[in-house]
Amino acid sequence: MTDETENTPLPAPPVTPRRARSVAGGLALLLSLVTLIGLGYVWYVLSYKAHIVGLDVTKSFEAQSTALVQLDRKIAALGTMQAVDRKAVKDLAQREASLATHNRPGRHWRVRAAADLLLIANDQLRFQHDVPLAQLALHQAQRELRRQGDPRLIPVRQAILQEILRLKALRRQHTSTMALELVALAHSARTLPLAVPQALRTPPPASAKTKPSPFWRRAAYGIWRDFTNLIRIRKEPVHERALLAPKRAYFVRQNLELRLYGAQLALLEHRPALVGANLAAADRWINRYFDVKARTSQAVLTKLAALQKQTSALKWPDISRSLHLLRRLSRAAS
């Protein structure tokens, strides 16, 4: 009995078919390939697309910052030129005062100095639109002619007095109302709506209730959609508005307020060229970064256009009559 049990052969283990093993290896390879594609897609979404979105905004702000720096340099250069002109007028007045204190014969040089001052006043008003410097030159010319004490110069002094009154009236012409309007516009810049692309502004259309598609179909559609969006050709007549981060939106509003306050300061100093430049810059800034379709933005743009027309309509008075009279009297005396 024992010998028969020992001599009986044991059953062999079941042999796995080769086909089943090849199917398992293929599935493992397919799963690893799908995982690799998914990781590459996630890397593309997180890094490359974020870089594309922020690229236009960064370049735009760098260009705007460069333009602002250049404009500030030009304003500083104009301020330096004005300071040099003021210093020249003051130096001329000091020289004339020093000549008067040394009791030098002053009949001819006083009249010549007054003519030079009147010429400076006309040039500053006509070319530089600098009303304060023109008034300073007229006052100094009036002082020199009064020191001359010649009764034949009374018509010239009367003409100078009338020109000084015209310049004072010009500085009061519509400046207070326009300055208040510019302050109101600067305050409204804090609440102007920023530009939002149309794709983000309009909600997606409500679709009819349908059965949810399988996960693999939605994933495949998303991958195909992102792949087709890599290359897109489109025509846009107007540049696309850039999305602004909250910090950059704050600086955009501050720059707009500074433009409007700069226009107010230039208006009070009666420099219409600088007022027009600041208003034009504010108009471009609103069209670039704010929602021009909003009612508040349209109201601000309309008010800016009206202020630009009022600034360009300012008329400069003629202050050359005193200079012509003085030259005529000088030729008659000589």
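Attention here is on the structure that accompanies the text.

Definitions and cut-offs
- Counting restarts for each chain, with residues numbered from 1 along the sequence as it is written.
- Two thresholds apply to this predicted model, a pLDDT of at least 70 for residue-level local features and 80 or more for giving and counting side-chain atom pairs, whereas whole-chain, interface and lining totals are computed over all residues.
- The basis for the side-chain values is all heavy atoms of the structure; hydrogens and waters are excluded.
- We call a set of buried residues a nonpolar core when its members are Ala, Val, Leu, Ile, Met, Phe, Trp, Tyr or Cys and they connect through side-chain atoms within 4.5 Å of each other.
- Classification of residues uses two cut-offs on accessible area relative to the type maximum, computed with a 1.4 Å probe and protein chains only: under 20% is buried, over 50% is exposed, and between them is partly exposed.
- Every helix listed is a DSSP run of H or I at least four residues long, and every strand listed is a run of E at least two residues long, numbered separately from the N terminus.
- Contacts are residue-level and defined by heavy atoms, with any inter-residue pair within 4.5 Å sufficient.
- Angles here are taken between N-to-C directions and fall from 0 to 180 degrees, while the axes themselves are lines fitted to C-alpha atoms, restricted in helices to the stretch in contact.
- Working definition: roughly parallel below 35 degrees, roughly antiparallel above 145 degrees, roughly perpendicular at 65 to 115 degrees, and oblique for all remaining angles.
- By convention the crossing between two helices is left-handed if the near helix lies anticlockwise of the far one by an angle smaller than a right angle, and right-handed if it lies clockwise.
- Side-chain rings of Phe, Tyr and Trp (the six-membered ring for Trp) are treated as a pair once their centres are within 6.5 Å; stacked means planes under 30 degrees apart, edge-to-face means over 60, and tilted covers the remaining angles.
- By definition here, charges over rings are those cases where NZ of Lys or CZ of Arg is within 6 Å of the ring centre and within 35 degrees of the ring normal.

Side chains of nonpolar character tend, in soluble globular proteins, to be buried together. If you look at the biggest cluster of nonpolar residues, it comprises 27 residues, and the most contacted ones within it are Leu256, Ile286, Phe290 and Leu304. Those elements that place two or more of their residues in this core are helix H2 (18–101), helix H6 (175–188), helix H9 (246–268), helix H10 (272–289) and helix H11 (295–312). If near-sequence neighbours (up to four positions away) are discounted, Leu304 is found in contact with Leu185, Leu260, Leu279, Ala282, Asp283 and Ile286.

Glancing now at the packing of H10 against H11. Relative to each other, H10 and H11 sit at 160 degrees, their axes nearing to 10 Å. Compared by their axis directions, H10 and H11 come out roughly antiparallel. For the pair H10 and H11, the crossing hand works out as left-handed. Along the contact surface, H10 presents Pro272, Val275, Gly276, Leu279, Ala280, Ala282, Asp283, Ile286 and Asn287, while H11 presents Val300, Leu301, Leu304, Leu307, Gln308 and Thr311.

Moving on, we come to the packing of aromatic side chains. One pass over the structure, following the stated rule, counts two aromatic pairs. With 5.5 Å between their ring centres and 70 degrees between their planes, Tyr250 and Phe251 make a pair best called edge-to-face. With a centroid separation of 5.3 Å and an interplanar angle of 50 degrees, the aromatic rings of Trp285 and Tyr289 are classed as tilted. Separated by four residues within a single helix, Trp285 and Tyr289 lie in helix H10, roughly one turn from each other. The pair Trp285 / Tyr289 is uniform in exposure class, with both members buried. The cationic tip of Arg288 hangs over the ring face of Tyr289; the distance from NZ or CZ to the ring centre is 5.2 Å.

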